[in-house]
Every structure is written in structure tokens, then in C-alpha cells.
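Listed below are the residues making up each chain.
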Amino acid sequence: MSKSIDRVKTALEAAGITAEVLEMGAETRTAEQAAAAAGCALDQIVKSIIFRGETSGHVILFLTAGGNRVDPARASAVAGQPLGKADANLVRAETGFAIGGVAPVGHLTRIRAFLDPRLMEFDHVWAAAGTPRHIFAISPADLLRITGAELAEFTA
């Protein structure tokens, strides 16, 4: 098993979450792919959108519903700093994950995160588990709690 998946499982267990990490038969890099694989609504997919804080120099994670798009101006206002593109090296260095499989938990460093209120409308949502083929289901309330994310309006 990959180190990325192990970190996700360890983080979930440490938070008292019982969640099965599932390997899908197809890639789950996009919200559409993940929704098809999980057999759920598009908005039940948790997209991990990462920006680079231009003031802090660190990544900032926006967990958004699969059908929503992050509005850069609103996201910058929520983050309290201008946001820029986070390159693959920065994402890997701070989260430990490659783009396309960034999980909301199990990061190498403490990541500041914000959560789309749309996700709170579901009994459970699906998130990446560290690879482009692995996902797990979790209640939005548990996701909010274990990520330390702030509920915020940052979508277009």
C-alpha cells in the first residue's frame, strides 16, 4: 500500500473516524470521474483545490463541492491574502500528495483550510484518499472537524 494512503488512514483513525478507503476501477482525478466511480451526486465529491498564499508562501486548501468552482477573488478575501498558483512541487512538499490525489487529511504539514457550505447539505461526501484511484466516504461534519477547516463562502 502507498505511503499516501497509509497517511490518510492513520489520520482518519487518529481522529476516531471509521472510513473504508476504496480503490476504484477507474481514475478519480476529476470530480466527474469520482462521482461516477462512487455512484453519487457530483456535489458529494470533495474537491481539494490548492492555492499558494502570496503573503505566507504556503498552500491554502479549499474543500469544495464537486460542481462548484472556487472564485479566486472570494477565496483571496476569505484567506486574507492574495492567492496564486501552487505548483506541483509546493503541493507535494506541504501536503505529501501529488496533484490529482490530494486528500483533505494526512498532510505533511498543518494546512490552513476552508470548506464549502454546500458539502454540509449531504449525509456523507467522498474525498480523495491520497492517490488518483482511492477515495473514502465521510460525514461533512466529521470532515470539517478533522481538517480544522473554516466554513466559508468562496465559490463563484
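Below or above, wherever it landed, is the structure these notes cover. If you're wondering where the values come from, they're calculated on a predicted model, not measured in any experiment.

This next bit is on the nonpolar core. Grouped together as the largest cluster of nonpolar side chains are 31 residues, with contacts concentrated most on V8, L12, V46, I50, V125, F136 and I138. Broken down by secondary-structure element, the contributors of at least two residues to this core are helix 1 (3–14), strand 2 (45–53), strand 3 (59–65), helix 4 (88–95), strand 5 (112–115), strand 6 (125–128), strand 7 (134–138) and helix 5 (140–147). Top element by residues in this core is strand 3. It accounts for four residues. Not counting residues within four places of it along the chain, the set of residues in contact with F136 comprises V8, L12, A19, E20, V21, P104, V105, V125, W126, A127, A128 and A129. Core analysis: the second largest hydrophobic core is formed by 10 residues, F51, I60, V70 and F114 among them.

Charged atoms that come close allow side chains of opposite charge to pair. Overall, the coordinates contain five salt bridges when judged by the stated rule. Among the ionic pairs, R29 bridges to E27, the shortest N-O distance being 3.2 Å. In this structure, R118 engages E121 in a salt bridge whose closest nitrogen and oxygen atoms are separated by 2.3 Å. We classify R118 as partly exposed; its relative accessible area is 26%. Linked by salt bridges that have partners in common, D43, R118 and E121 make up one network.

Next up on the list: helix 2 (residues 31–38). Here helix 2 has its buried residues at A31, A34 and A35. For helix 2, the angular spread of buried residues about the axis comes to 100 degrees, placing them on one side. Opposite the buried face of helix 2, by more than 90 degrees, sit the exposed residues E32 and A36. Buried residues along helix 2 sit in contact with strand 2 and strand 7. Phi for G39, located one or two positions after helix 2, is positive at around 70 degrees.

Counting across every chain of the model gives three aromatic pairs. Plain terms: the ring middles of F51 and F62 are 5.7 Å apart, the flat faces sit at 85 degrees to each other, and that makes the pair edge-to-face. In this pair, F51 sits in strand 2 while F62 sits in strand 3, placing the two residues 11 residues apart along the sequence. Each member of the pair F51 and F62 is classed as buried. Judged by centre distance (5.4 Å) and plane angle (20 degrees), the rings of F62 and F114 are stacked. With F62 in strand 3 and F114 in strand 5, this pair connects stretches of sequence that are 52 residues apart. Taken individually, F62 and F114 each receive the classification buried, so the pair is uniform in this respect. The ring of F97 has R7 sitting right over it, with the charged end atom 4.5 Å from the ring centre.

Calculation rules
- Residues numbered from 1 in each chain as written.
- Predicted model: local features only at pLDDT ≥ 70, side-chain atom pairs only at ≥ 80, totals over all residues.
- Heavy atoms only, no water.
- Core = buried A, V, L, I, M, F, W, Y, C linked by side-chain atoms within 4.5 Å.
- Buried < 20%, exposed > 50% of the residue type's maximum accessible area, 1.4 Å probe, protein only.
- Helix = DSSP H or I, 4+ residues; strand = E, 2+ residues; numbered from the N terminus.
- Contact = heavy atoms within 4.5 Å.
- Salt bridge = Lys/Arg side-chain N within 4 Å of Asp/Glu carboxyl O.
- Arc of directions from axis to C-beta.
- Phe/Tyr/Trp six-rings, centres within 6.5 Å; stacked < 30°, edge-to-face > 60°.
- Lys NZ or Arg CZ within 6 Å of the ring centre and 35° of its normal.

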